[in-house]
Amino acid sequence: MNVLVFSSAMTESDFALFQSNAKIKPNPSNQNFYSKLIKAIALRNNVSVVSHRPLVKGMFKDKYFEAEENQEGNVNFYYTYIEAKKVYKLLREQNEIIKRAHKAIEDFHSNDFVIITDTLRLSLITAAKKVAEEYNVKIVGMLTDNPDNLSYKRKSYVHHLKRNVKQLDGYLALTDGLVQVFNGYKPSYVFEGLVDYPNVFKKDPIYDYYFFGGSLYERYGVKTLVDAFHASNIKSKLIVAGSGPLAKYIEHLSYDDYRILYLPQLPKEKILGYERNAIANINPRPLNSKIDNESVPSKLLEYLSNDVPVLSTKFPKLYGPFKDDVYWIEDTSFDGMKKALEDFALIDKEEAKRKAYTAKMKAFEFYGLEVQSESINHFLTSLSSLTNN
């Protein structure tokens, strides 16, 4: 089956270069997820990606990027021409996306394909819908978050986004709650995420540390984590890597506490290196019934797949299957976080390693690319077959 993916995803090497050169760093979470999704689908299908890279004013010295093509494994990437100017977004953006889609379809040598689209970028959805209508093919939305959570977007943008997503033929989704947000009557396949085996890389000359990597927001529990660690009696270090509003706060706290080390946003292989060699990886995100019903802490799944102990808050969907394999934080307050950190520092390290190994085995059993590839492929094949009914 031919699958055409509309996304901002790039090849791993292209994204690393893009991220390295950008003055305003792109959020890597979208790239990380779609990279794994594309790999999973490509295990059983012929996949091409229409990649509409993120570009805002001041991000690069150049104000535009030319359309180009690249390949990663058996997947072809068709990058759109992009500009940071408003006039481009108003007059050219959608046509540029459609133009690259036409090239990808031409290279399929077939008009029989299924579309999967990112559902958090309006330009991608509207372009994907036009292509689906033009070729009379099914279009599936990948639901990763509720657009209402896009605080940086206008209400009118979110309204148009949700209206377009509701009109798609079906959904791949990270939670049941997300399907209900849009259209619970549409066909859907729900999976909490994907895990992959990371590449082997050199370890940095830092040792004896706990690790957190991700967006640095107070609402994600990051401030509570660093404040609690700062007040704890733990002798090991805490490495915090990422970008966000708390970056300066954590950096200044590190001046007062030699145990805390702040690192700005790093390439994927560096992040994985720190995760693989930590005493434990920490997910401090507080519980919130609405948010937990509509999103999954992707970092937690990544941590579980790394064969390293995990210290985490009790995210409901993952607490059940990993109940005995993770050191769960019972109380996300400052005192609760401090106690959880200090208690973990005293546990038997061999027992912690055994739990980490079991967690890794389960993570790949439930969310490995091969396993999920089969389920996703079954869903896409079933949905696609409805085209001719």
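In case you missed it, the structure is sitting above this.
This structure is a prediction, so every number in the text was calculated from the model and none was measured. (Residues numbered from 1 in each chain as written. Predicted model: local features only at pLDDT ≥ 70, side-chain atom pairs only at ≥ 80, totals over all residues. Heavy atoms only, no water.)

Asker: Give a description of a nonpolar patch on the surface that names residues and reports values.
Answerer: Nonpolar side chains collect at one region of the surface, where Val87, Leu90 and Leu91 lie side by side and expose about 360 Å² of accessible area between them. Relative to the helices and strands, leucine 91 resides in helix 3 (residues 86–91). (Patch = residues over 30% accessible without salt bridge, like charges linked within 9 Å, V, L, I, M, F, W, Y side chains within 5 Å. Areas by Shrake-Rupley, 256 points an atom, 1.4 Å probe, with all protein chains shown as cover. Salt bridge = Lys/Arg side-chain N within 4 Å of Asp/Glu carboxyl O. Helix = DSSP H or I, 4+ residues; strand = E, 2+ residues; numbered from the N terminus.)

Asker: Provide a residue-level description of the pairing of strand 4 (residues 68–72), including the pertinent values.
Answerer: Two faces make up the sheet, and in a regular strand the side chains alternate between them. Two elements, strand 4 and strand 5 (residues 75–79), share five bridges in a ladder whose sense is antiparallel. The residue bridging glutamate 72 from the neighbouring strand is valine 75, located in strand 5. (Pairing = 2+ DSSP bridges.)

Asker: Can you explain the sheet that holds strand 15 (residues 310–313)? Please cite residues and give values.
Answerer: One open sheet accounts for six strands, arranged 13-12-11-14-15-16; its pairing is parallel. Only two strands of the sheet have a single partner each, and these edge strands are strand 13 (260–263) and strand 16 (327–329). In this sheet, neighbouring strand axes are inclined to one another by 20° on average, regardless of whether the strands run parallel or antiparallel. Across three bridges, strand 15 lies against strand 16 in parallel orientation. Residue pairing across strands places leucine 311 opposite tyrosine 327, the latter belonging to strand 16. (Axes fitted to C-alpha atoms, helices over the stretch in contact; angles between N-to-C directions.)

Asker: Give a description of helix 4 (residues 93–108) that names residues and reports values.
Answerer: Quick reminder: α-helices carry 3.6 residues per turn. Residues three or four places apart thus point the same way. For helix 4, which comprises 16 residues, the first-to-last C-alpha distance of 23 Å matches the rise-based estimate of 22 Å (1.5 Å per residue) to within 8%. Of all the residues in helix 4, the buried ones are Glu93, Glu96, Ile97, Ile98, Arg100, Ala101, Ala104, Ile105 and Phe108. Among the residues trailing helix 4, histidine 109 stands out with phi positive, at a value near 60°. (Expected span 1.5 Å × (residues − 1). Buried < 20%, exposed > 50% of the residue type's maximum accessible area, 1.4 Å probe, protein only.)

Asker: Give a description of the pattern of salt bridges that names residues and reports values.
Answerer: Opposite charge on two side chains lets them pair, provided their charged atoms get close. Counted by the stated rule, this structure contains 27 salt bridges. For aspartate 257, the salt bridge is made with arginine 259, and the minimal N-O distance between the two is 2.8 Å. Here the two residues aspartate 257 and arginine 259 agree in accessibility, since each one is buried. Linking glutamate 302 and lysine 299 is a salt bridge whose minimum nitrogen-to-oxygen distance equals 2.9 Å. Of this pair, glutamate 302 and lysine 299 both sit in helix 12 (residues 298–304), three residues apart, roughly one helical turn. The class of glutamate 302 is buried, set by a relative accessible area of 13%. Via salt bridges that share partners, Glu69, Arg100, Lys103 and Asp107 belong to a single interconnected network.

Asker: Account for the nonpolar core, with residues named and values stated.
Answerer: One finds Leu4, Phe6, Ile115, Phe191 and Leu304 to be the most contacted residues of the largest nonpolar core, which totals 129 residues. Residues contacting phenylalanine 191, with those up to four places away along its chain left out, are Phe33, Leu37, Met142, Leu172, Ala173, Leu174, Gln372 and Ile376. (Core = buried A, V, L, I, M, F, W, Y, C linked by side-chain atoms within 4.5 Å. Contact = heavy atoms within 4.5 Å.)

Asker: Describe unusual backbone geometry, with residues and values.
Answerer: In the Ramachandran plot, asparagine 136 falls in the positive-phi region, its phi being about 55° despite a non-glycine side chain. Checked against the element boundaries, asparagine 136 lands in the loop between helix 5 (122–135) and strand 8 (139–143). Positive phi, close to 55°, is recorded for aspartate 208, a residue that is not glycine. The residue aspartate 208 is located in the loop between strand 10 (188–190) and strand 11 (209–213) in this model. Residue classification places aspartate 208 among the partly exposed positions, given a relative accessible area of 36%.

On their own, these measurements won't tell you what the molecule is for.
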